[in-house]
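# Architecture at a glance
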Amino acid sequence: MKKTIIIALACSLSAFSFAQKKEFKTVEKALKNDNYALAKGGIVKLEQMLSSMDDKSKSKYYFLKTQALFANGKGNFGDVNKAMQSIKKVGNAHKADATKFKNIMYNDFLTKANKALGKENHKAASFHFERAYKMRNQDTTFLYNAAVTSVMVKDYDRALKLYEKLRDVGYTGISKEYFSTDKNSGKEVVTDKVTRDLYIKAGSHIKPGERLSASKKPEIIKNIALIYISNGDDQKALAAIKDARKANPENVDLIISEANIYLKSKDMAKYGELIEQVLAKQPNNAVLHYNVGVVNMNEGNIEASKKSFERVLELDPTYSDAALNLSNGYIEEANAIIAEMGKLGLSKADEAKYQKMKIEKNQLFNTGAKVLTDFISKNPNPTSGILLQLKNIYGALGETQKAKEISAKLDAMEAK
């Protein structure tokens, strides 16, 4: 009885082994003829026999499955993802073949990524760059490219995962740059070493040199923080920035990003403290001085805001919003006096106060007007906002003719 069972079992195994070989041959022949649909069908049949395969056969199965699903780069999105998983399972028996095929997949993904980038199809480029990275994960630049192109299509959730991966693998993007100076333009040009050397040899460029590029880590952390902010997760954003600042304490972008989080949460004291740190490093940054002015203006610190706006106009005489806000600072002070004037009574003492306050009020209005006329003298084509405020000041001062002249200019601007 036992002999019968053993013989029957042996016959069964033999038949099963024969079926495996037959399907393997079918798949191999289909792949050779680029018949990927038939190859995928054979893979489905082989999958049913997977539990009975030895390690060598399993290795072969996963290698053939990878080729069938990849379909020479023509596989659909889902199939290519499965192919990328399948090739990881290829065993030692086909290790060399798998390595070669990984290179084929890598080159295909990279070619498609660059083509998509050239067509400004950033969504496709992002996925292809990520796939190239997965095939050759030492090339972290492609993971960075995937993150950046994902941001371009505002897929922030995906970009966050990619940036977090970059942070976790310690990506800095630091590389050696080769530069020279173009004789004709006098501008520095950054190229690869071979090109730089050819330029120097040809005599078109001078002053060759090399250096390390700046780290991209601050940018990565900043973008992680910005995405956290957009998702409403300010605490994670602050934690990310503070971690980055430990390694890059002098990075202005990180300080500004942290300051903006406090601005969003209306912690003006902390915001102002951080912006002052930035201004200590960039004293000629007109935008930062303007932001400090706006914060002080919103907090009711009129004198401090005026100093900031005056500094902005020193640095950039064309900054119309600074001129408008500086003028508005004087108007607000004048309006505060008008409010106090309204509280006075009819006594002689109050009448004397009224006349004194009226002079102060008019002086403030005149100073506010002068800020705008000085601006217009340097910028002959001011914004309508500048002209409208000047018209209103003249109206408040009772200078009807000047107000009419400004009104005519506003009408001419609207007619264009």
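For the structure given in this document, a descriptive report is provided here. (Residues numbered from 1 in each chain as written. Predicted model: local features only at pLDDT ≥ 70, side-chain atom pairs only at ≥ 80, totals over all residues. Heavy atoms only, no water.)

## Focus: helix H14 (residues 286-298)
- Helix length check: H14, at 13 residues, gives a terminal C-alpha distance of 18 Å against a target of 18 Å (1.5 Å per residue), a fit within 8%.
- Listing the buried residues of H14 in full gives Ala286, Leu288, His289, Tyr290, Val292, Gly293, Val295, Asn296 and Met297.
- Where H14 is buried, its residues touch helix H12 (252-264), helix H13 (268-281), helix H15 (302-315) and helix H16 (320-341).
- Among the residues trailing H14, Gly300 stands out with phi positive, at a value near 85°. (Helix = DSSP H or I, 4+ residues; strand = E, 2+ residues; numbered from the N terminus. Expected span 1.5 Å × (residues − 1). Buried < 20%, exposed > 50% of the residue type's maximum accessible area, 1.4 Å probe, protein only. Contact = heavy atoms within 4.5 Å.)

## A look at the packing of aromatic side chains
- What the rule picks out here adds up to 10 aromatic pairs.
- Aromatic pair Tyr290 and Tyr319: ring centres 5.0 Å apart, planes at 25°, arrangement stacked. One end of the pair, Tyr290, is in helix H14; the other, Tyr319, is in the loop between H15 and H16, and 29 residues separate them in sequence. The exposure classification of Tyr290 matches that of Tyr319, with both residues buried.
- Every member of this aromatic cluster is reached through a ring pair, and the members are Phe63, Phe70, Phe101 and Phe109.
- A cation sits over an aromatic face here: Arg131 above Phe77, 4.5 Å from the ring centre.
- Taking NZ or CZ as reference, Arg136 lies 3.6 Å from the ring centre of Tyr106, over its face. (Phe/Tyr/Trp six-rings, centres within 6.5 Å; stacked < 30°, edge-to-face > 60°. Lys NZ or Arg CZ within 6 Å of the ring centre and 35° of its normal.)

## Here we look at helix H8 (residues 156-168)
- Compared with the 18 Å implied by 1.5 Å per residue over 13 residues, the 18 Å span of H8 between its first and last C-alpha is a close match.
- Within the sequence span of H8, burial applies to Arg158, Ala159, Leu160, Leu162, Tyr163 and Leu166.
- Next to the buried residues of H8 lie helix H6 (122-135), helix H7 (140-152) and helix H10 (217-230).

## Quick notes on the side chain of Asp108
- For Asp108, the position within the fold is in helix H5 (residues 95-118).
- Judged by relative accessible area, Asp108 falls into the buried class, the value being 19%.
- Ignoring sequence-local partners within four residues, the contact set of Asp108 consists of Phe70 and Gly73.

## Re the nonpolar core
- Of all hydrophobic cores here, the largest spans 75 residues; its most connected members are Leu46, Tyr61, Met105, Phe109, Tyr163, Leu166 and Ile224.
- The leading source of residues in this core is H5, at eight residues.
- When neighbours within four sequence positions are excluded, Leu166 is seen to be in contact with Thr140, Leu143, Tyr144, Ala147, Tyr171 and Ile220.
- Tyr319, Met341, Ile393 and Tyr394 belong to the second-largest nonpolar core, a separate cluster that totals 32 residues. (Core = buried A, V, L, I, M, F, W, Y, C linked by side-chain atoms within 4.5 Å.)

## Describing the pairing of strand S1 (residues 176-182)
- Relative to strand S3 (residues 205-212), S1 runs antiparallel, the two sharing six bridges. Each residue of the ladder has a partner; that of Tyr178, found in S3, is Glu210.
- Looking at chain direction, S1 and strand S2 (residues 188-191) are connected through four bridges and run antiparallel. Its bridge partner being in S2, Phe179 is matched across the sheet by Val190.
- Hairpin connection, S1 to S2: the antiparallel pair is bridged by five residues, and Gly186 has positive phi, about 75°. (Pairing = 2+ DSSP bridges.)

## Remarks on unusual backbone geometry
- One non-glycine residue, Asp34, lies in positive phi territory at about 60°.
- On the secondary structure map, Asp34 appears in the loop between helix H1 (2-32) and helix H2 (36-47).
- Here the phi dihedral of Asn72 falls at roughly 55°; this positive angle occurs in a residue that is not glycine.
- The topology assignment puts Asn72 in the loop between helix H3 (55-70) and helix H4 (77-86).
- For Asn72, a relative accessible area of 49% translates into the label partly exposed.

## Here's the deal with the sheet that holds S2
- What the three strands build is an open sheet, ordered S2-S1-S3; its pairing is antiparallel. Here the strands that pair on one side only, and so sit at the sheet edges, are S2 and S3. Taking each pair of neighbouring strands and ignoring which way they run, the sheet shows an average axis angle of 30°. (Axes fitted to C-alpha atoms, helices over the stretch in contact; angles between N-to-C directions.)

## Quick notes on the environment of Leu143
- Along the chain, the position of Leu143 falls in helix H7.
- The exposure class of Leu143 is buried, given its relative accessible area of 2%.
- Sequence separation between Leu143 and Tyr171 is 28 residues; the distance between their C-alpha atoms is 9.4 Å.
- In contact with Leu143, not counting residues within four places along its chain, are Tyr133, Leu162, Lys165 and Leu166.

## Overview of the pattern of salt bridges
- Summed over the entire model, instances satisfying the criterion amount to 19 salt bridges.
- Among the ionic pairs, Asp168 bridges to Arg167, the shortest N-O distance being 3.2 Å. (Salt bridge = Lys/Arg side-chain N within 4 Å of Asp/Glu carboxyl O.)

## Section: the side chain of Ser59
- You can see Ser59 is positioned in helix H3.
- Within the local environment of Ser59, its side chain forms a polar contact with the backbone nitrogen of Gly91, the two atoms lying 3.0 Å apart.
- Among all residues touching Ser59, those that are not within four sequence positions of it are Val90, Gly91, Ala93 and His94. (Polar contact = N/O pair within 3.5 Å; in protein donor to acceptor, adjacent residues only side chain to side chain.)

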